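Coordinate inspection notes
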Amino acid sequence: MTTGAGGNTPVPVSRRPETAAAEPVGAAQGKRSTAGDAVAGGLTTPAAVPEAQPARKSKRGRGVTRRQRPLWMLAPGGTLMTIVIVVPLAVALYISLLDLDQYTFREWTSAPFKGFANYLEAVRSADLVHSIVISVSYALLVTVITLPIGVAAALATQNAFAGRGLVRSVFLVPYVLPAFVTGTVWHIILQPGGVGNLLLGHLGVPNGLWLNGPRSFWALVIVQTWASWPLIYLLTLAGLQSIDVTMHEAAALDGAGWWAKLRYVILPHLGGPISLGLLISFLHNVNNFTLPYVLFGVPSPHDVEVLPVLTYVESFQNFRFGLAAAMAVWSLALIAIPLAVYLRVVRLDVGSDESQRRARR
Amino acid sequence: MKTRSATVTRLLPRPLQITVVVLLLVVVLGPVSYVFFASVNSDLSVAAGDFLPHRLDFGNYARIWSTVDLSTGLMNSLIVAGTVAVVCALVSVGTGYVLVRFAFTGRVSILRALLALQSIPGTLILLPVFVLFASVANVLSVQIIGTRWALFITYLTFALPFSTWVMVTYLRGLPAELDEAARIDGASSFRILRSIVLPLSWPGLVVSAIFAFLLGWNDVLFASVLTNPQTRTAAVALTVFGVTQEGGAIPPYGQLMAAALVCAAPVVVLYLAFQRYLVGGLTTGGVK
């Protein structure tokens, strides 16, 4: 089944290289295009977005109209989202101002109001600072380590070879495995006396505890790297497809060796998709609850007490709901900067790329 | 022509290319194949760190159904994630259509919010939801925590924005001329949505449904707090399975691995079957 899908359509990610090359924005999808195309195409051109800004102001894109707007169609989705998103978020903010624990929980609306005391207590506590350090350093490490792996994988599978479809399918597996399965499996692999320790022993790494103590941090880094490198791979692959074949030909004519071509022709083109991948990867890692939770269990070892796990323990083990809500809001502040950059970089508006496309003609 | 362009566009020298591919295949397939080997191995052998089983024992796949209530878990996951998928897909068409085709104040902010919501820490939603559900139980004596409804509602929080975003990216690709023509012919907006947009957007619908489904299927955070043993999902059943058995002499590792494979199989099959449609959504980041 896998072979069928991969074999018949040899290029699962990289369809239409010609179209992609001619239309780097990926905006020219016909009827047969897929969500995959649109997203991959749209996401891979961050650098192009600012150029489009002035154009968007003056000219609305084709297909977006102000006439006869059936705004009522927003009602079902809008109402549902208000109920399940806006209300909980507002309540979360309110809770973070309350002295809410298991004693005041039953009558939470009349719990004592503390103002920003929870926020202060959270920053002053060593736990939160420790968790922030752990979360950020593990997220950055994983992001940095997955970068060369993902890029190398994309470079190696860009050209057709026998079995490439299958290889590409296999490369997706670690990423699509549910995190709870990945965590369960690696928990068994890394346990004392498990196959991981045995294998590492053959490679000269002394046996030790991977699920407890200082090495647990590295266990988390290794497992999350294993699970997340295909993200960079996918984005790089999408970026490679947008490189015009004439660029390759020009490089070949100039007699550039593979390294020179890579360094001066290919890599400069990949800056956009790669930096996008780094951003998403960092955001994923910081927010990842499932993997650390399943891999180490709670209470988790001190060295891997990442932010989501800390807020979870603080609320559902220690029942300090108010404090935990404040911690969750702090973690929101932690991702605010990368998130803001991400939102600036991603193509949001249909109008902008339409006008941008016209501007290029 | 084809061969020429293949040599011209080659990025890595052949030996290096082969090395990278083989290395990564080993790194990926090593742990994956180990899961399978361990699932047909004896617990003692897994505990001893054997990679290959001494003799194949497929009995673990029969035993998991009685040791832990995996079938209830799978059923709950299927019901909750399935409902979320259907609701999200249906709701997202209308929202996505308006967002793609019509200009109105706040449109870009909504688009931005759809993406931003993917990065909200789950605990920030879980806390208020837990408190709200508990107070509904107090005030109206309607117990929500522990029911499938609790999961359904909370999964919508993350699945709705993501499905809508997927629909937006899909509908962007549809030519606007089609519904402009219908509009000129005097069709109402609802009519256009029903007879023109909907029939054309089934691939987008499928993708947005699959992603909504996977959000539910893969979740541990919400399910671990909001369910009880009768309503727990496969994900929680698996984690509980791993923990509770550790009182015994040797935990049933083989069964644990078999159960992990059973939980992962539907997801991996879905991805590989629909991979050309799903890859774009993967890189947007809601699911992981």
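Residues numbered from 1 in each chain as written. Chains lettered and ligands numbered in written order. Predicted model: local features only at pLDDT ≥ 70, side-chain atom pairs only at ≥ 80, totals over all residues. Heavy atoms only, no water.

1. Observations regarding the pattern of salt bridges
Going by this rule: Each reported salt bridge corresponds to a side-chain nitrogen of Lys or Arg within 4 Å of a carboxyl oxygen of Asp or Glu.
Evaluation of the coordinates by the stated rule reveals 2 salt bridges over all chains. Asp57 of chain B is paired through a salt bridge with Arg63 of chain B; the nearest N and O atoms lie 3.1 Å apart.

2. Quick look at the packing of helix H7 (residues 126–157) of chain A against helix H15 (residues 307–316) of chain A
When two helices pack together, their arrangement is given by the angle between the helix axes and the distance between those axes. Residues and elements named next belong to chain A. Selection rule: Between N-to-C directions, angles span 0 to 180 degrees; the directions come from axes that are lines fitted to C-alpha atoms, helices contributing only their stretch in contact. Strands are runs of DSSP state E lasting at least 2 residues, helices are runs of H or I lasting at least 4, and numbering of each runs from the N terminus. These descriptions rest on fixed angle ranges, namely under 35 degrees for roughly parallel, over 145 for roughly antiparallel, 65 to 115 for roughly perpendicular, and the rest for oblique. Residues count as neighbours in contact if any of their non-hydrogen atoms are within 4.5 Å of one another. Classification convention: Asp, Glu, Lys, Arg as charged; Ala, Val, Leu, Ile, Met, Phe, Trp, Tyr, Cys, Pro as nonpolar; all other residues, Gly among them, as polar.
H15 packs onto H7 with a crossing angle of 150° between their chain directions and a minimal axis gap of 8 Å. Compared by their axis directions, H7 and H15 come out roughly antiparallel. Across from Asp127, Leu128, Ser131, Ile132 and Ser135 in H7, the residues of H15 making contact are Leu307, Pro308 and Leu310. Classifying every residue of the contact of H7 with H15 by side-chain character gives 5 nonpolar, 2 polar and 1 charged.

3. A look at the environment of Gly173 of chain B
All names here are of chain B. The cut-off we apply is this: Burial classes: relative accessible area under 20% of the type maximum marks a residue as buried, over 50% as exposed, and values in between as partly exposed (1.4 Å probe, protein chains only).
With respect to the helices and strands, the residue Gly173 is situated in the loop between helix H8 (148–172) and helix H9 (176–184). A relative accessible area of 3% places Gly173 in the buried class. Sequence-wise, Gly173 and Leu221 are 48 residues apart; in three dimensions their C-alpha atoms are separated by 35 Å.

4. Overview of the interface of chain B and chain A
To keep it simple, the criterion reads: Summed over both partners, the accessible area lost on bringing two parts together, with a 1.4 Å probe, is the buried area. Nitrogen and oxygen atoms within 3.5 Å of one another constitute a polar contact, given that in protein one can donate a hydrogen and the other can accept it, and given that sequence-neighbouring residues count only through two side-chain atoms.
In this assembly, 119 residues from chain B lie in contact with 126 residues from chain A. For the chain B and chain A pair, buried surface summed over both sides reaches about 10700 Å², with 74% attributable to carbon and sulfur atoms. Summed over the shared surface of chain B and chain A, the result is 7 residue pairs in polar contact (both at pLDDT 80 or more). It is helix H2 (residues 14–39) of chain B that contributes the most residues to the side of chain B that touches chain A, 14 residues altogether. Of the residues contributing to the side of chain B that touches chain A, the split by class is 83 nonpolar, 22 polar and 14 charged.

5. What about the domain arrangement of chain B?
Residues and elements named next belong to chain B. The condition that has to hold: For every domain, the bounds stem from an assignment made automatically or drawn from a database.
With domains assigned, chain B is organised as domain 1 (13–57) and domain 2 (64–283). With both sides pooled, the region where domain 1 packs onto domain 2 buries about 690 Å², and carbon together with sulfur makes up 81% of that total. Taken together, domain 1 and domain 2 are joined by 0 salt bridges. Sorting the residues of the side of domain 1 that touches domain 2 by element identifies H2 and helix H3 (43–47) as the ones contributing at least two each. For the side of domain 1 that touches domain 2, the residue count by class is 6 nonpolar, 2 polar and 1 charged.

6. Considerations on H7 of chain A
In plain terms, the rule: Working rule for helices: expected span equals 1.5 Å times residues minus one. Note that bend, as reported per residue, equals the angle between axes fitted to the 7 residues terminating at that residue and the 7 residues originating from it.
Here H7 of chain A is 32 residues long and its end C-alpha atoms lie 46 Å apart, about the 46 Å a rise of 1.5 Å per residue gives. Of all the bends in H7 of chain A, the greatest, near 30°, is centred on Thr146 of chain A, and the proline Pro148 of chain A appears no more than four residues after it.

7. Some details on the confidence of the model for chain A
All names here are of chain A. Quick reminder of the rule: You can read pLDDT as the predictor saying how much it trusts each residue, on a scale of 0 to 100.
Per-residue pLDDT for chain A averages 75, and the proportion of residues at 70 or more is 77%. When the elements of chain A are averaged for pLDDT, helix H1 (residues 2–8) gives the smallest value, 33, and H7 the largest, 91. Confidence drops under a pLDDT of 50 for residues 1–60, and excluding neighbours within four residues, the segment shows 115 contacts in the predicted structure. Contacts of residues 350–361 to residues separated by more than four positions or lying in other chains number 31 contacts, the stretch itself having pLDDT below 50.

8. Examining the packing of aromatic side chains
Put simply, the test is: Stacked, edge-to-face and tilted are the three classes for Phe, Tyr and Trp ring pairs, Trp counted by its six-membered ring, which pair at centre distances within 6.5 Å; planes under 30 degrees apart are stacked, over 60 edge-to-face, the rest tilted. Only when the NZ atom of a Lys or the CZ atom of an Arg is both within 6 Å of the ring centre and within 35 degrees of the ring normal do we say a charge sits over the ring.
Following the criterion strictly, the structure yields 28 aromatic pairs over all chains and no others. An angle of 40° between the planes, with centres 6.1 Å apart, marks the rings of Trp72 of chain A and Phe190 of chain B as tilted. Taken together, the residues span two chains, with Trp72 of chain A in the loop between helix H4 (49–58) and helix H5 (74–95) and Phe190 of chain B in helix H10 (residues 189–200). Accessibility expressed as a relative area gives 52% for Trp72 of chain A, which makes it exposed. On the basis of relative accessible area, Phe190 of chain B is assigned to the partly exposed category, the value being 41%. Through a chain of ring-to-ring contacts, the aromatic side chains of Phe289, Tyr293, Tyr312, Phe316, Phe319 and Phe321 of chain A together with Phe130 of chain B assemble into a single cluster. Directly above the aromatic system of Trp210 of chain A lies the positively charged group of Arg215 of chain A, at a separation of 4.8 Å from the ring centroid.

9. Topic: unusual backbone geometry
Residue and element names in this part refer to chain A. A positive phi is found at Phe319, a non-glycine position, where the angle reads about 60°. Position of Phe319 among the secondary structure elements: in the loop between H15 and helix H16 (321–345). The exposure class assigned to Phe319 is partly exposed, which follows from its relative accessible area of 35%.

10. Thoughts on a nonpolar patch on the surface
What counts is decided by this rule: Patches draw on residues past 30% relative accessible area with no salt bridge. Two like charges within 9 Å are joined, as are two nonpolar side chains (Val, Leu, Ile, Met, Phe, Trp, Tyr) within 5 Å. Where accessible areas are quoted, they stem from the Shrake-Rupley method and a 1.4 Å probe; at the residue level, only the protein chains shown are allowed to cover.
A surface patch of nonpolar side chains, amounting to about 240 Å² of accessible area, comprises Leu120, Val123 and Trp330 of chain A. With respect to the secondary-structure elements, Val123 of chain A resides in helix H6 (residues 117–124).

11. Regarding H5 of chain A
Here H5 of chain A is 22 residues long and its end C-alpha atoms lie 30 Å apart, about the 32 Å a rise of 1.5 Å per residue gives. Of all the bends found along H5 of chain A, the most pronounced is centred on Thr82 of chain A and spans about 40°. When H5 of chain A is considered as a whole, its buried residues turn out to be Leu74, Gly77, Met81, Val84, Ile85, Pro88, Val91, Ala92 and Ile95 of chain A. As for H5 of chain A, its buried residues are in contact with H6 and H16 of chain A together with helix H5 (70–101), helix H6 (107–116), helix H7 (122–140) and H8 of chain B.

12. Focus: the nonpolar core
Keep this limit in mind: Side-chain atoms within 4.5 Å link the members of a nonpolar core, which is a set of buried Ala, Val, Leu, Ile, Met, Phe, Trp, Tyr and Cys residues.
In this structure, Phe180, Val181 and Tyr342 of chain A together with Leu70, Val84, Phe222 and Leu226 of chain B are the most contacted members of the largest nonpolar core, which totals 168 residues. A total of 15 residues in this core trace back to one element, the largest contributor, which is H8 of chain B. The residue makeup of this core includes at least three contributed by each of domain 1 (13–57) and domain 2 (64–283) of chain B. Sequence-distant contacts of Phe180 of chain A, defined by excluding residues within four places in its chain, comprise Thr290 and Val294 of chain A together with Trp217, Asn218, Val220, Ala235, Leu238 and Cys263 of chain B. Membership of the second largest hydrophobic core comes to 29 residues, among which are Ile232 and Leu237 of chain A together with Leu11 and Val20 of chain B.

13. Considering the environment of Val268 of chain B
Topologically, Val268 of chain B is positioned in helix H14 (residues 253–273). Val268 of chain B gets classed as buried once you look at its relative accessible area, which sits at 15%. Counting along the chain gives 247 residues from Val268 of chain B to Val21 of chain B, while the straight-line C-alpha distance between them is 21 Å. Setting aside chain neighbours within four positions, we find Val268 of chain B in contact with Val176 and Leu177 of chain A.

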